[in-house]
Amino acid sequence: MLVSHLEMGMLSEGLTQVLIPVAALIGIIFALLQWYLVSKVKVSGDSSNGLSDKLIEDEEDGVDNREASIKCAEIQNAISVGATSFLFTQYKYLSVFMCVFAAIIFLFLGSVKGFSTKSEPCTYNKGSLCKPALANAAFSTVAFLLGALTSVLSGFLGMKIATYANARTTLEARKGVGKAFVTAFRSGAVMGFLLAANGLLVLYISILLFKLYYGDDWEGLYESITGYGLGGSSMALFGRVGGGIYTKAADVGADLVGKVELNIPEDDPRNPAVIADNVGDNVGDIAGMGSDLFGSYAESSCAALFVASISSFGINHDHTAMSFPLIISSVGIVVCLITTLFATDLFKIKDVSEIEPSLKRQLVVSTILMTVGIAMVSFFALPSEFTIFNFGTEKVVKNWHLFFCVAIGLWAGLVIGYTTEYYTSNAYSPVQDVADSCRTGAATNVIFGLALGYKSVIIPIFSIAIAIFVSFSLAAMYGIAVAALGMLSTIATGLAIDAYGPISDNAGGIAEMAGMSHKIRERTDALDAAGNTTAAIGKGFAIGSAALVSLALFGAFVSRAGINTVDVLTPKVFIGLIVGAMLPYWFSAMTMKSVGSAALKMVEEVRRQFKTIPGLMEGRAKPDYANCVKISTDASLREMIPPGALVMLTPLITGTLFGVETLAGVLAGSLVSGVQVAISASNTGGAWDNAKKYIEAGVSEHAKSLGPKGSDAHKAAVIGDTIGDPLKDTSGPSLNILIKLMAVESLVFAPFFAAHGGLLFKYL
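Each chain has its residues counted from 1, following the order in which its sequence is written. Only residues with pLDDT of 70 or above have their local features reported here, since the model is predicted, and side-chain atom pairs are shown and tallied only from 80 upward, although totals for entire chains, interfaces and linings are computed over all residues. The side-chain numbers reported here are obtained from all heavy atoms of the structure, hydrogens and water having been left aside.

Per an unreviewed UniProt entry, the protein chain carries the name H(+)-exporting diphosphatase and comes from Populus trichocarpa.

Next up, the structure:
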């Protein structure tokens, strides 16, 4: 009786098919509404001076004049043009890569059965016929291209929104910190909702279109759809690495010469690297992060769908249960919409001290509401009992088991977020201790910062470990996949908080460059300081979800490659394990060296301009911003290729030459070491940055004793900050893409590796 009641309460297939696209469309409409509200900051179109939208604010309280407002518009335009130009150039390079790699996917997967067009016996649904391997090759290629294009679109839209909003945030700061906060947060929400909704909608439509060909062959359908995750993450890798090199080369160059050598303020318009620095915030922290989190969402969805397709959901063709991962994401969009209203409409910011609590409240509110949403979805979308594929056996699972799997991923994300905040916010003792160490110079600052980063790994790793144990015990690899989706279910809110940071940072830079009053700069600095901490929280979410996603993809790869057990005592597995553990260090060495090389050129250029341009230091002459932008652009486009090639080629070479068991070792090794290095790098960099801001703000007696700006302690803090820049914004965030991308690439190519891999061992 209970079973029949639950079955009656389940969502019908028709309702499921309506619910998912409607939730995505609601997300898109809400994003456009937020964009409209941001655009209501007064603008005046005037194309006579080449500006597309010149920002004009009337004088209020005599704080800033019309000239400063026009200056804001000019700076915004320069940043927007620079960011757009860089991304278009980067996408030209990536379009070539997309075409080449799409051809590789088709050739490798098509050759599994010699490009045969005959139907094959299904691997998991015994006694049934599945579509030919050539179809899998063709549709995986299409899915790869769709994922890549959606990832590119996510990054580009985020960048356009951020460059549209930065000067508006500066202008709103004249009316008070509350107005500026709402403008910056709404702009971040535009990016968050567009990315979450577009990712869900494109994936859902792709499945519907693929189903027209595959029909009842769900095994082949969802195997080919894994290409969507591969496309998303491959673009994210280049976006993260390229954008990270761009922004940190400019940032390090600007800081070392401007703040340390010449003792001029951050974002001083006399500094030739400031425009490149502000452009970098958008192409690295906005476009790169957008592509990164889209990649995580796409991969976790694909991993869950693939494992479900070879379980009872897929074999029995239960459409609603099969769509469980997509329904979670749909509910997440609605929950995040309600949560956003808490920050923009229900609780107004009246004072600087309320900014950070408001942002953190977003995380708590979205997590609590999402827990209720997950409970409803688990009850209505799943049968009371079903079986999940578990490495060749079937595991009996109940619907409440999956509720706990998704919920523990969601709450583990909150724990990781708050732990990250504790170790990177200057409101707590860890960062204050780092700041205090600056009294004796840069060396002790570096030592304290490194120790903090290593220590900050402990709680996130235990959180991830508990989430893995519980979710795997309850629902095998499918449980881990939906736990990752749980962590990412509030992606719209997470991205809104994350994008808010660079928008506020740019707003502060524009206020400084436009010569606006000290009061305005204090307000934008307060927005930026809160954003710096929330950006670290965003990176924590990205890394934590990457660990769960990678493990789920690892399980899917092992299943698809036909491996029953991965025995680390086997030599071919152990060599893969130790090489895989080395890869994050190799990758980090490449990206750090790239930032160092580009920063070296930037420092030399900034020094040259101050020496050779008469009147630059006195403010009588303008610096050559374009040359610094060119240095960052050229360096990032050139230097992003080797790290990208390392990640993309490793699974192909390992699987082809050494086989699936060695590749399984490589994936496990890179996952284990990559997560540790990524968390410590991100948190170390964040702590150094906020230690510097703690000294600069001087809000406590302790901070005042270390300052002011230009003191020896402050200069030591700036040096720590410049060392941390490539750690927190280039190497650290890129590592989570490394572990995800290698895993999803291995899954996509698993049929080829299983059929033709291990060439060296065959002939030894």
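Before going further, it helps to examine the overall build of the protein chain. Under the DSSP-based scheme used, a helix requires at least four consecutive residues in state H or I and a strand at least two consecutive residues in state E, with every element numbered from the N terminus. Secondary structure assignment for the protein chain yields 26 helices and 6 strands. This radius of gyration counts C-alpha atoms alone. The globule rule is 2.2 Å times how many residues there are, raised to the power 0.38. For 764 residues, the compact-globule estimate of 2.2 N^0.38 gives 27 Å, and the C-alpha radius of gyration of the protein chain, at 25 Å, lies within 12% of that figure. Projected onto its principal axes, the C-alpha coordinates of the protein chain cover approximately 80 × 60 × 50 Å. Each of the 764 residues in the protein chain was classed as buried or not, and the buried ones make up 64%. Note that accessible areas follow from Shrake-Rupley with a 1.4 Å probe, and for residues the cover is restricted to the protein chains shown. Here the protein chain has roughly 25,900 Å² of accessible surface; of this, 66% comes from carbon and sulfur atoms. Here the term buried applies to any residue with accessible area under 20% of the maximum for its type, exposed to any over 50%, and partly exposed to those in between, with areas from a 1.4 Å probe on protein chains only.

Attention now moves to the pattern of salt bridges. Salt bridge, as used here, is a side-chain nitrogen of Lys or Arg placed within 4 Å of a carboxyl oxygen of Asp or Glu. Taken as a whole, this structure holds 22 salt bridges when the rule is applied. Between Lys-248 and Asp-725 there is a salt bridge, with the nearest N and O atoms lying 3.6 Å from each other. Of the two residues, Lys-248 is situated in helix H7 (residues 227-261) and Asp-725 in helix H24 (residues 712-748); the sequence distance between them amounts to 477 residues. Under the relative-accessibility criterion, Lys-248 is labelled buried at 2%. Note on Asp-725: relative accessible area 1%, which makes it buried. A salt bridge links Arg-608 to Glu-605, with the nearest nitrogen and oxygen atoms 2.8 Å apart. Taken together, the residues Arg-608 and Glu-605, both in helix H19 (residues 571-612) and 3 residues apart, mark about one turn of the helix. We classify Arg-608 as partly exposed; its relative accessible area is 37%. Its relative accessible area of 8% is what places Glu-605 among the buried residues.

Looking at where Thr-440 falls in the secondary structure, it is placed in the loop between helix H14 (429-437) and helix H15 (442-455). Along the primary structure Thr-440 and Ala-475 are separated by 35 residues, whereas in three dimensions their C-alpha atoms are 53 Å apart. One polar contact links the side chain of Thr-440 to the main-chain carbonyl oxygen of Ser-437, over a distance of 3.2 Å. There is a polar contact of 2.7 Å between the side chain of Thr-440 and the side chain of Thr-444. N or O atoms closer than or at 3.5 Å make up a polar contact, with two conditions inside protein: a donor-capable atom paired with an acceptor-capable one, and, for residues adjacent in sequence, both atoms drawn from side chains.

Here the nonpolar core consists of buried residues drawn from Ala, Val, Leu, Ile, Met, Phe, Trp, Tyr and Cys, with membership extended through side-chain atoms lying within 4.5 Å. Ranked by size, the top nonpolar core spans 228 residues in total, and within it Phe-181, Phe-324, Ile-355, Leu-402, Tyr-478 and Phe-557 carry the most contacts. The dominant element in this core, judged by the number of residues it contributes, is helix H5 (residues 177-214), at 21 residues. Beyond its immediate sequence surroundings of up to four residues, Phe-557 is in contact with Val-660, Leu-663, Ala-664, Leu-667, Ser-746, Leu-747 and Ala-750. Listed in part, the 18 residues of the second largest apolar core include Cys-438, Leu-452, Ala-687 and Ala-716. Note on definitions: a residue-residue contact is assigned when non-hydrogen atoms from the two residues lie within 4.5 Å.

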